[in-house]
Amino acid sequence: MTARSGRSAFGLALALAVLWGCASPLKEAKLHFSRAQEHDRRYESGQAVAAAKRALLEAEAAARKDPSAQAYTLKGLAEVRLERWPDAAESFRLAFTLGFASGEQWAADAALLGAALAFEASGLPESAGRAYAHLMGRAKFGPIRRAAAGKHVDLGLARALALNEKDRDRALAGLAKDVGRLLDDDFASGFAHYLLSQVLSHRADLRGSYEEAVMARELGLPSEKILRDNDNQIVFCRDRIRDALPQDEKDRFDAVHEAWTKRWGWRDARTPAWKKE
Amino acid sequence: MSRKDIEQALVRGVETLAAFIPSAPFLLFPVLSSVCVWSVRRVFNYRDHILTWKVWLDPEAVRTKPDDFILHFFAKNPDLSRIYAREIEAGDIKGLRAAFPALYPLLGLEDAFLRGLFRGELAAGAVRKIVAEFEARTAAAVEGLKPAEADPAFWRFLETFGMELASLGLHLLKDDDILDLILAAIREEHSPPERGA
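Heads up: these notes are all about the structure in this document. (Residues numbered from 1 in each chain as written. Chains lettered and ligands numbered in written order. Predicted model: local features only at pLDDT ≥ 70, side-chain atom pairs only at ≥ 80, totals over all residues. Heavy atoms only, no water.)

### Points about the overall build of chain B
Here is step 1: A count of helical and extended segments in chain B gives 13 helices and zero strands.
Here is step 2: Secondary structure elements of chain B, listed N to C terminal, follow the sequence α-α-α-α-α-α-α-α-α-α-α-α-α.
Here is step 3: For chain B, buried positions account for 52% of its 197 residues.
Here is step 4: Looking at chain B alone, contacts between residues at least 24 apart form 75% of all its contacts between residues at least 6 apart. (Helix = DSSP H or I, 4+ residues; strand = E, 2+ residues; numbered from the N terminus. Buried < 20%, exposed > 50% of the residue type's maximum accessible area, 1.4 Å probe, protein only. Contact = heavy atoms within 4.5 Å.)

### Here's the deal with the packing of aromatic side chains
Here is step 1: Under the criterion given, the structure shown has 21 aromatic pairs over all chains.
Here is step 2: Both rings, one in Phe92 of chain A and one in Trp106 of chain A, keep their centres 5.1 Å apart while their planes meet at 85°; by these two values the pair is edge-to-face. Here Phe92 of chain A is found in helix H5 (residues 85-97), whereas its partner Trp106 of chain A is found in helix H6 (residues 103-121), with 14 residues between them in sequence.
Here is step 3: Looking at Trp106 of chain A, the relative accessible area reads 0%, which means it is buried.
Here is step 4: With a centroid separation of 5.8 Å and 20° between ring planes, the pair formed by Phe191 of chain A and Tyr194 of chain A is classed as stacked. Within this pair, Phe191 of chain A and its partner Tyr194 of chain A are both found in helix H10 (residues 190-202), separated by three residues, close to a single helical turn. Just as Phe191 of chain A is buried, Tyr194 of chain A falls in that class too.
Here is step 5: In this structure an aromatic cluster arises from ring pairing among Phe236 of chain A together with Phe69, Phe73, Phe74, Tyr84, Phe100 and Tyr104 of chain B.
Here is step 6: Between the NZ or CZ atom of Lys65 of chain B and the centre of the ring of Phe69 of chain B, over which it lies, the distance is 4.6 Å. (Phe/Tyr/Trp six-rings, centres within 6.5 Å; stacked < 30°, edge-to-face > 60°. Lys NZ or Arg CZ within 6 Å of the ring centre and 35° of its normal.)

### A few points about the packing of helix H8 (residues 142-161) of chain A against helix H9 (residues 165-185) of chain A
Residue and element names in this part refer to chain A.
Here is step 1: Two numbers describe how H8 lies on H9: the axes approach to 9 Å, and their chain directions differ by 170°. As summarised for this structure, H8 and H9 are arranged roughly antiparallel, according to the angle between their axes. For the pair H8 and H9, the contacting residues are Arg145, Ala149, His152, Val153, Gly156, Leu157, Ala160 and Leu161 in the first and Arg168, Ala171, Leu172, Leu175, Asp178, Val179, Leu182 and Asp185 in the second.
Here is step 2: Residue composition of the contact of H8 with H9, grouped by class: 10 nonpolar, two polar and four charged. (Axes fitted to C-alpha atoms, helices over the stretch in contact; angles between N-to-C directions. Parallel < 35°, antiparallel > 145°, perpendicular 65-115°, else oblique. Nonpolar A, V, L, I, M, F, W, Y, C, P; charged D, E, K, R; others polar.)

### Considerations on helix H11 (residues 127-149) of chain B
Note: α-helices contain 3.6 residues per turn, so residues at a spacing of three or four share the same orientation.
Residues and elements named next belong to chain B.
Here is step 1: Between its terminal C-alpha atoms H11 stretches only 29 Å, short of the 33 Å expected from 23 residues at 1.5 Å a residue.
Here is step 2: The sharpest bend along H11 measures roughly 60° and falls at Glu133.
Here is step 3: Every buried residue of H11 is accounted for by Val127, Ile130, Phe134, Arg137, Thr138, Ala141, Gly144, Leu145, Ala148 and Glu149. (Expected span 1.5 Å × (residues − 1). Bend = angle between axes of the 7 residues up to and from the residue.)

### Thoughts on the environment of Ala140 of chain B
All names here are of chain B.
Here is step 1: Tracing the backbone through its elements, the reader meets Ala140 in helix H11.
Here is step 2: Among the residues examined, Ala140 registers a relative accessible area of 33% and is labelled partly exposed.
Here is step 3: With 50 residues separating them in the primary sequence, Ala140 and Ala90 have C-alpha atoms 34 Å apart.

Put into structure tokens, the structure is as follows:
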């Protein structure tokens, strides 16, 4: 199964979860999970996490009351949103045993991600890195592919920082290629654009980093922390790009930048709305 | 909105909260300021919001920034550019990078809990003290919150308390006014307010 068909399976699972059954906890779980997705789309990460937690509680109740593929699938989806990877793996495995065909592969992906995180926490970054790279390229379930990509880039950047200039350039080029492949597969992923922006920033490609960060903001980011960091990246790139421009080009750049910041509700060219006044 | 009602509610809140975290009075301010921030926004899932601050400590988010981003962060912040003028002038990236993991979550990403935890130092401009004590203080905060964290009554209290503050019109006050009211309530109930800070 390709990543694209994995996404289709994810969409289908969600659609089925929304359409199937109307038992009360299950219905509530669907409702809260839909709200979590809606909040995520609006960058309201705090509310999204809260809604995912409510969805999880309801899905757990639904699974206790009447174990079914859809209850465990919803439970797994909520656990993925809350980054509880081992729990998600178990939920998808149970969903598979009850008839959700993609559940087996999703369970394997979630379990491997959980293991990779444990490797990293135990001081085994090489083993963790191999697992992240594998999941980034092969995971069938989008959220797991995305989480693995984030960890892969974090580890890659940390390693690159410790290298000499020549080796660092080569390592960063490789990382940019890895994220590029992720974007080939899912160009609408705001998080992938955020990761590319970070890598390009290390390569001193500020124009590219700025454009990717703007794209990331437009497409949506998975958490408030990342949204704020991305905003800081936009301000950093904006300042550095302006510094290097002649006046007439600076005016043109300012006009374009202002159009974006107005759209996002920033107080001025350098101040996102969440910044303390 | 009655300012007096809010003041009284905060005093009652401090009293109750102090009973949940008797060994960590320095957490009264950060916990209450987080509750107030989220009450203003009418988001009543305090468990998530208060515990989110731990995520900001994730070293990966800050350890991989390029040198130029770190330099820009220090140079463009008026206080930091003054306090770290020597390092910025000398291009001492090693020194700046060492301070960055403490200062970026606090001043760059503006976490409400961390701002509450280091309010005394922030108000005094004691930035180097924050850097020196960041690891120990955040570790102490993790420990201090542990007993209450596991108690469902703690979270129920915060939710009820936040709803009460919201219903009293907390959102009509400015952030700084709210923080001053919290400090006054803590002083009244639990002096000194920033012990351990």
